[in-house]
Amino acid sequence: MTKSYDVVVIGAGVIGAATALALARDDRRVLCVDKLPAAGYGSTSGSCAIIRPFYSTVDGSALAYEGHFYWKEWAEFLGVADERGMARYVNCGNLVVKCARNKYLEPVLKVLREIGCPYRELTPAEVKKRLPFVVMDSFDPPRRPEDPLFGHSNGEALPGAVLFPTGGYVTDPQLAAHNLQVAAEAVGAIFRFNTAIVDILKKAGRVDGVVLSSGERIAAPVVVNVAGPHSFKINRMAGVEEGMRIKTRALRHEVAHVPSPAGFDYEHDGIHFSDQDTAIYCRPEIGNHILIGSEDPECDTREWVDPDDFNREFTEQWRVQVMRLAQRFQTLPIPSKMKGIVELYDVSDDWIPIYDKSDLPGFYMAVGTSGNQFKNAPVVGEMMAKLIGACEGGQDHDRDPVSFHLRHIDRQVNLGFYSRRRSPDTRSSFSVLG
Ligand SMILES: Cc1cc2nc3c(=O)[nH]c(=O)nc-3n(C[C@H](O)[C@H](O)[C@H](O)COP(=O)(O)OP(=O)(O)OC[C@H]3O[C@@H](n4cnc5c(N)ncnc54)[C@H](O)[C@@H]3O)c2cc1C
């Protein structure tokens, strides 16, 4: 062994870097290792980075609502300046269509009332005042363009939408991860890039460190898997996957960037728009563009892939997503040149993350982020530090779950909610909506 640390964090994405920061603030000697050249170059770099408080569960919503306050006070939270600049939170709000598929948002609003999160209901006329090109017809069920009924309303009208003021998006997710790295380094964390973890060391029934691609062995009593879409590969390397009831795998996703409808400045006057009726979400993007993602309707095939070998080119799916939004935004241009990104989600069986210990003492994981945990990264880093501190201090988290205080909204979260041993949570949307 050449070097030793208190903790090795595997992965320097937005959640790995946040975990490294929180652990270093707890006075642990932290090494964060990533096989890519810089922080946030993995799936974080392709994130839509939307901040929104609405999830299917009370715990999911509470964590997301809490996240909003960290992004609002990003510079204060980090406590350092990054010479590359700071990621910017555009607090433009979220507009969510009420439709049959989301039960006209009644379950979501019940959850948000429970956690004290503000919202405002809008009539169709108020929606159109904000976004004049919106059509409030229902197209349910979501279809593919080759379906003869694609683009035809089912004859129903949508009754309105809900505006959530505590949401928006972060302009540069990769920069956000770099900001976290700089803050972590300021409190002593070490980052190593272009270096892969190739093995997990064990001794006397617990984790003992890692082996790097350079052949170097690093000693550490605690190792945290924050490897994003590679999470299942690291869990297999550590031999802990068998002990998990909820597992993770990599799902390919395409995100389209198209110009705003003519005469409208979506970059400045737009909003994060979520529409389960057509299974599309979008948000403003620089250059007066609109960024379009999919809410995973049943008619689309889910592409589970090997994270080391997948197609990074756009496919027909790009056009499908643009055309779906063009049903709702009727003057949306459909360009012939495809722009956007292709990236991977690290999806858990119930689309709720796993923030937990493992059956191997000293080995922890923040995985299964299911395309919806960018917003929570700064909170999750602190949750992981609390969990690790409690477990290493002797608490049996599987029997006596650790709880975490969400300080901005003054609420306790039982971290057992994120257990690897839970049964799939049937309240989940089983989609990117969480
Ligand atoms: C297209 C897309 C859109 C999204 N949109 C949103 C959104 O709007 N809102 C939201 O909240 N969330 C969103 N997400 C989800 C969010 O971006 C992720 O949950 C988050 O970025 C995950 O961060 P991470 O640090 O866990 O993973 P990553 O950023 O993937 O980082 C993992 C790191 O581990 C490294 N690694 C892997 N294996 C090894 C190894 N063997 N050795 C060393 N390093 C290794 C990788 O190189 C990588 O850098 C989206 C995700 C995608 C892909």
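Here, the structure is the one placed above.
It should be emphasised that the depicted structure is a prediction, and the values quoted were computed from it without experimental measurement. (Residues numbered from 1 in each chain as written. Predicted model: local features only at pLDDT ≥ 70, side-chain atom pairs only at ≥ 80, totals over all residues. Heavy atoms only, no water.)

Asks: Looking at this structure, how should I read unusual backbone geometry?
Replies: Generally, phi is negative for residues other than glycine and the peptide bonds are trans, each holding for most cases. Between Asp140 and Pro141 the backbone carries a cis peptide bond, its omega angle lying at 0°. For Pro141, the position within the fold is in the loop between helix H5 (124-130) and strand E8 (161-164). Backbone geometry at Asp27 places phi at a positive 70°, although glycine is not the residue there. At Ala204, a position not held by glycine, the phi torsion is positive, near 50°. Note on placement: Ala204 falls in the loop between strand E11 (197-203) and strand E12 (206-212). (Helix = DSSP H or I, 4+ residues; strand = E, 2+ residues; numbered from the N terminus.)

Asks: Help me understand the sheet that holds strand E13 (residues 217-219) in this model?
Replies: Read across the open sheet, the four strands follow the order E1-E13-E12-E11; overall the sheet is mixed. Of all the strands in the sheet, the pair left with one neighbour each is strand E1 (3-4) and E11. (Pairing = 2+ DSSP bridges.)

Asks: Honestly, the site of the ligand in this entry has me stumped. Any pointers?
Replies: The ligand sits among 37 residues. The nearest are Asp34, Ser43, Thr44, Thr369 and Lys375. A distance of 2.8 Å separates an oxygen atom of the ligand from a polar side-chain atom of Thr369. In the complex, 97% of the free accessible area of the ligand, which totals 1,000 Å², lies under the protein chains. Secondary structure elements with two or more residues in the shell around the ligand: helix H1 (14-25) and strand E20 (340-348). (Near = heavy atom within 4 Å. Polar contact = N/O pair within 3.5 Å; in protein donor to acceptor, adjacent residues only side chain to side chain. Areas by Shrake-Rupley, 256 points an atom, 1.4 Å probe, with all protein chains shown as cover.)

Asks: Looking at this structure, I do not really get the pattern of salt bridges. What am I missing?
Replies: A side chain with one charge may pair with a side chain of the opposite charge, provided their charged atoms come close. Across all of its chains, the model carries 30 salt bridges by this definition. One salt bridge connects Glu392 with Arg206, and the closest N-O pair in it is separated by 3.2 Å. Placement of the pair is Glu392 in helix H10 (residues 377-392) and Arg206 in strand E12, with a sequence separation of 186 residues. For Arg206, a relative accessible area of 26% puts it in the partly exposed group. A salt bridge links Asp356 to Arg420; its shortest N-O distance comes to 2.8 Å. Separated by 64 residues along the polypeptide, Asp356 in strand E21 (residues 354-357) and Arg420 in the segment after strand E24 (411-414) bring together distant segments of the chain. Just as Asp356 is buried, Arg420 falls in that class too. Through salt bridges with shared partners, one network takes in Asp356, Lys357, Asp359, Asp398, Arg420 and Arg421. (Salt bridge = Lys/Arg side-chain N within 4 Å of Asp/Glu carboxyl O. Buried < 20%, exposed > 50% of the residue type's maximum accessible area, 1.4 Å probe, protein only.)

Asks: Is there a simple way to think about helix H9 (residues 316-328) in this case?
Replies: Residues that lie three or four places apart on an α-helix share one face, since the helix turns once every 3.6 residues. The element H9 is extensively covered by neighbouring structure, given that 10 of its 13 residues are classed as buried. For H9, the complete set of buried residues consists of Gln317, Trp318, Val320, Gln321, Val322, Arg324, Leu325, Ala326, Gln327 and Arg328. Buried residues along H9 sit against strand E15 (248-259), strand E16 (272-275), strand E17 (280-285) and strand E18 (289-294). (Contact = heavy atoms within 4.5 Å.)

Asks: Whenever I open this one, the sheet that holds strand E2 (residues 7-10) confuses me. Can you help?
Replies: Pairing between the strands of a sheet comes from backbone hydrogen bonds, and it takes one of two forms, parallel or antiparallel. What the six strands build is an open sheet, ordered E10-E3-E2-E14-E22-E21; its pairing is mixed. Lying at the two open borders of the sheet, with one neighbouring strand each, are strand E10 (190-192) and E21. Within this sheet the neighbouring strands show an average axis-to-axis angle of 15°, counted without direction. Bridge count between strand E14 (residues 222-225) and strand E22 (residues 363-367): three bridges; the pairing is parallel. Residue Val224 lies in a different strand from E22, and its bridge partner there is Tyr364. On top of the sheet, H1 reaches E2, strand E3 (30-33), E10, E14, E21 and E22; it is set at about 170° to E3, its chief contact. (Axes fitted to C-alpha atoms, helices over the stretch in contact; angles between N-to-C directions.)

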